[in-house]
Amino acid sequence: QTQPFLTVMDCADPSMLVAQRNVTISPLQSLALLNNQLMLVMAEEFAEQVKSKPGNLAQKVDAAFELALSRKPTPVESASLHIYADRHGLANTCRVIYNLNEFVFID
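Definitions and cut-offs
Residues numbered from 1 in each chain as written. Predicted model: local features only at pLDDT ≥ 70, side-chain atom pairs only at ≥ 80, totals over all residues. Heavy atoms only, no water. Axes fitted to C-alpha atoms, helices over the stretch in contact; angles between N-to-C directions. Helix = DSSP H or I, 4+ residues; strand = E, 2+ residues; numbered from the N terminus. Parallel < 35°, antiparallel > 145°, perpendicular 65-115°, else oblique. Contact = heavy atoms within 4.5 Å. Nonpolar A, V, L, I, M, F, W, Y, C, P; charged D, E, K, R; others polar. Core = buried A, V, L, I, M, F, W, Y, C linked by side-chain atoms within 4.5 Å. Buried < 20%, exposed > 50% of the residue type's maximum accessible area, 1.4 Å probe, protein only. Expected span 1.5 Å × (residues − 1). Arc of directions from axis to C-beta.

Participant: Where do I start with the packing of helix α5 (residues 75-88) against helix α6 (residues 90-98) in this structure?
Facilitator: Two quantities define a packed helix pair, namely the angle between the helix axes and the distance between the axes. Where α5 contacts α6, the two axes come as close as 8 Å, and the packing angle between them is 140°. When the axes of α5 and α6 are compared, the pair comes out oblique. Only Asn 92, Thr 93, Val 96 and Ile 97 of α6 make contact with α5, whose side of the interface consists of Leu 81, Tyr 84, Ala 85 and His 88. Split by residue class, the contact of α5 with α6 holds five nonpolar, three polar and no charged.

Participant: Can you help me understand the nonpolar core in this one?
Facilitator: Soluble globular proteins tend to bury their nonpolar side chains together. Counting residues in each nonpolar core, the largest one holds 17 residues, and the members touching the most others are Phe 46, Ala 64, Leu 90, Cys 94 and Ile 97. Those elements giving two or more residues to this core turn out to be α3 (37-51), α4 (57-69), α5 and α6. Each residue touching Cys 94, except ones within four places of it in the same chain, is listed here: Ala 43, Phe 46, Ala 47 and Ala 64.

Participant: In this structure, what is going on with the environment of Ser 78? I would like to understand it.
Facilitator: By secondary structure assignment, the location of Ser 78 is in helix α5. Along the primary structure Ser 78 and Asp 62 are separated by 16 residues, whereas in three dimensions their C-alpha atoms are 6.6 Å apart.

Participant: Can you help me understand α5 in this one?
Facilitator: Within an α-helix, residues lying three or four positions from one another point in the same direction, as the helix has 3.6 residues per turn. The end-to-end C-alpha separation of α5 is 20 Å, in line with the 20 Å expected for 14 residues at 1.5 Å each. Regarding α5, the residues found buried are Ser 78, Leu 81, His 82 and Ala 85. In an axial view of α5, the angular spread of the buried residues amounts to 105°, which keeps them on one side of the axis. Those residues of α5 that are exposed and angled more than 90 degrees off the buried face are Val 76 and Arg 87. Here the buried face of α5 lies against α4 and α6.

Take it as geometry only, folks, not as evidence of what the structure does.
Here it is in structure tokens:
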């Protein structure tokens, strides 16, 4: 039985033999990435990993961004995430990073 999160994210069905998987983009995927229990736990775990890095909250946010996306944030991205982290904490900021298009989609 497939987990609902994997179904929403177009996980391959191992019982089907197909040449190419269907790919969809739906609002349910965004909601799952934002609110699914797995994503909440992974964001908290990621925040705990980043908390061990030296520096203040802003530096930790920048470190999380760089770890997740393999690049430094732009000044605008950095400023927005710093404000968000001040208001909502590091774990919620990590969840936002996990929901960035650049993290979700391969170009």
